[in-house]
Amino acid sequence: MTATLNQTETVAGTQVMGMGAYRPDVIVDNEQICQWIDSSDEWIRQRTGIRTRHRAAADVSVVDMAEGAARGALEKAGLTGEDVGAVIVATVTHPYQTPSAAAAVAHRIGSTPAAAFDISAACAGYCYGIAQADSFVRSGLAKHVLVIGVEKLSDVIDNHERSISFLLGDGAGAAVVGPAETPGISPSLLGSNGEKWDSVSMNGSLIPLRDALARARETGDAGELLDPETTLWPTLRQDGPTVFRWAVWEMAKTAQKALDAAGITAEDLASFVPHQANIRIIDEMVKQLKLPEHVLVGRDIADAGNTSAASIPLAAHRLLEENPELSGGLCLQIGFGAGLVYGAQVVRLP
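Residues numbered from 1 in each chain as written. Predicted model: local features only at pLDDT ≥ 70, side-chain atom pairs only at ≥ 80, totals over all residues. Heavy atoms only, no water.

The name given to the chain in an unreviewed UniProt entry is Beta-ketoacyl-[acyl-carrier-protein] synthase III, with Nesterenkonia aethiopica as the source organism. Turning to the chain, the UniProt record has this under Subcellular location (unreviewed entry): "Cytoplasm". (UniProt positions renumbered as here; feature names shortened; annotations may be inferred.)

The following block contains the structure:
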């Protein structure tokens, strides 16, 4: 006789119940950036749309920022940490390969024994997290899932490097996903193009640093580690033109496919929140999608810079704070970045 296995009871709909944000106190303007690179405030504004970016102090960690955003999202959702069944943290800057930032956050907010794990999908990480949270809730694996996009990119940049360092900021945004009587999260569109894997990447691995430390211990000579011309600590680089072309021409198509998968048109949207990579990319996507004038567009990049996995929840949170009437409206969100990876879906804003 074959035994019959139990299966969890499924849920028909999911929704974003509340959002939170953490923005570090240190604000770096373009004049400060230009102390490190040969540029100008005017050039940076015209080319990227960025005026300032937030940077976390040395004693503020990825986990600290994630906790701050998480508490804000739980408060908006009317929940406590005990109500959370899973914590998902999207980040590429947690300084520990293991254990996860998510496990530490879950402990801090009182969500033990919730499932907890990190995902590495760069600037698409938050959309990947929302897709997983949607699946967790609908499958009955967790009733409420906390999704956090958080980055401390100031830890992994060389301020004197000019392909990407001047774009980047720090911060965290979070959302609580839970059950709903009607669908509040559309099917997610996720993908990658590994052919362009090195278009946005670290300039090396940690192996050379490990080996240099070993040599210094053996010889007692730390010269290699102290040489300012030696870049043993990996920092971010990007091939700007390649990334720009890919984002402008391919991601607008992906955004349209996400609308089609949701069964709506641009006319049905209340807002559009793309990854905050570059204001020119955002404006070109708006143009290609033919968004109506009533659709409010997240342009948090002007004051926050590019915060990778944190950019979409930070921008969405700001839109809601400044335009409360967006609550309950449909928002198209799309993330894209290193990998190259992308993710998109339509959500009903809390």
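Draft legend 1. Molecular detail of the overall build of the chain. Secondary structure assignment for the chain yields 11 helices and 14 strands. For 350 residues, the compact-globule formula gives about 20 Å, and the C-alpha radius of gyration of the chain, at 21 Å, lands near that figure. In terms of its C-alpha atoms, the chain occupies a principal-axis envelope of roughly 65 × 55 × 40 Å. Going through the 350 residues of the chain one by one, you find that 53% of them count as buried. Considering only contacts within the chain whose residues lie at least 6 apart along the sequence, 78% involve residues at least 24 apart. About 16200 Å² of surface is accessible on the chain, with carbon and sulfur atoms providing 51% of the total. Seen as two clouds, the 27 positive and the 42 negative side-chain charges of the chain have centres 4 Å apart. (Helix = DSSP H or I, 4+ residues; strand = E, 2+ residues; numbered from the N terminus. Rg over C-alpha atoms; globule rule 2.2 N^0.38 Å. Buried < 20%, exposed > 50% of the residue type's maximum accessible area, 1.4 Å probe, protein only. Contact = heavy atoms within 4.5 Å. Areas by Shrake-Rupley, 256 points an atom, 1.4 Å probe, with all protein chains shown as cover. Lys, Arg positive; Asp, Glu negative; His and termini not counted. Charge placed at Lys NZ, Arg CZ, Asp CG, Glu CD.)

Draft legend 2. Geometry of the pattern of salt bridges. The full count for this structure, using the stated rule, is 15 salt bridges. Between glutamate 67 and arginine 71 there is a salt bridge, and its shortest N-O distance comes to 3.0 Å. With glutamate 67 and arginine 71 both in helix H3 (residues 62–77) and four residues apart, the pair spans about one turn of that helix. Exposure remark for glutamate 67: the relative accessible area of 17% places this residue in the buried category. (Salt bridge = Lys/Arg side-chain N within 4 Å of Asp/Glu carboxyl O.)

Draft legend 3. A look at the UniProt feature "domain: Beta-ketoacyl-[acyl-carrier-protein] synthase III C-terminal" (unreviewed entry) in the chain. Mapped onto this numbering, the UniProt entry gives "domain: Beta-ketoacyl-[acyl-carrier-protein] synthase III C-terminal" (unreviewed entry) at residues 259–348. For residues 259–348, helix accounts for 34% and strand for 24%, while the C-alpha atoms at its two ends are 13 Å apart.

Draft legend 4. Seen up close, the UniProt feature "domain: Beta-ketoacyl-[acyl-carrier-protein] synthase III N-terminal" (unreviewed entry) in the chain. The feature "domain: Beta-ketoacyl-[acyl-carrier-protein] synthase III N-terminal" (unreviewed entry), as annotated in UniProt, sits at residues 117–194 in this numbering. Helix makes up 19% of residues 117–194 and strand 33%, and the two end C-alpha atoms of the span are 23 Å apart.

Draft legend 5. View of the packing of helix H8 (residues 240–262) against helix H9 (residues 279–289). Between H8 and H9, the least distance of the axes is 9 Å, while the angle of their chain directions is 40 degrees. What the angle tells us is that H8 and H9 run oblique. In this structure, the crossing between H8 and H9 has a hand that is right-handed. Every residue of H9 that contacts H8 at Phe244, Ala247, Val248, Trp249, Met251, Ala252, Ala255 and Gln256 is listed here: Arg280, Ile281, Glu284, Met285, Gln288 and Leu289. For the contact of H8 with H9, the per-class residue count stands at 10 nonpolar, two polar and two charged. (Axes fitted to C-alpha atoms, helices over the stretch in contact; angles between N-to-C directions. Parallel < 35°, antiparallel > 145°, perpendicular 65-115°, else oblique. Left-handed = near helix turned anticlockwise from the far one by under 90°. Nonpolar A, V, L, I, M, F, W, Y, C, P; charged D, E, K, R; others polar.)

Draft legend 6. Examining the sheet that holds strand S1 (residues 13–22) more closely. With mixed pairing, the five strands of this open sheet are ordered in space as S1-S7-S6-S4-S5. Edge positions in the sheet fall to S1 and strand S5 (115–119), since each of these pairs with one other strand and no more. Neighbour-to-neighbour, the strand axes of the sheet open up by a mean angle of 20 degrees, direction not taken into account. Where strand S4 (residues 86–90) meets strand S6 (residues 145–152), five bridges bridge the pair, whose relative direction is parallel. Its bridge partner lying in S6, valine 89 is registered against isoleucine 148. Across the sheet, helix H4 (residues 101–108) is in contact with S4, S5 and S6; its angle to S5 comes to roughly 140 degrees. Along the sheet, helix H11 (residues 311–322) makes contact with S1 and strand S7 (170–180), crossing S1 at roughly 90 degrees. (Pairing = 2+ DSSP bridges.)

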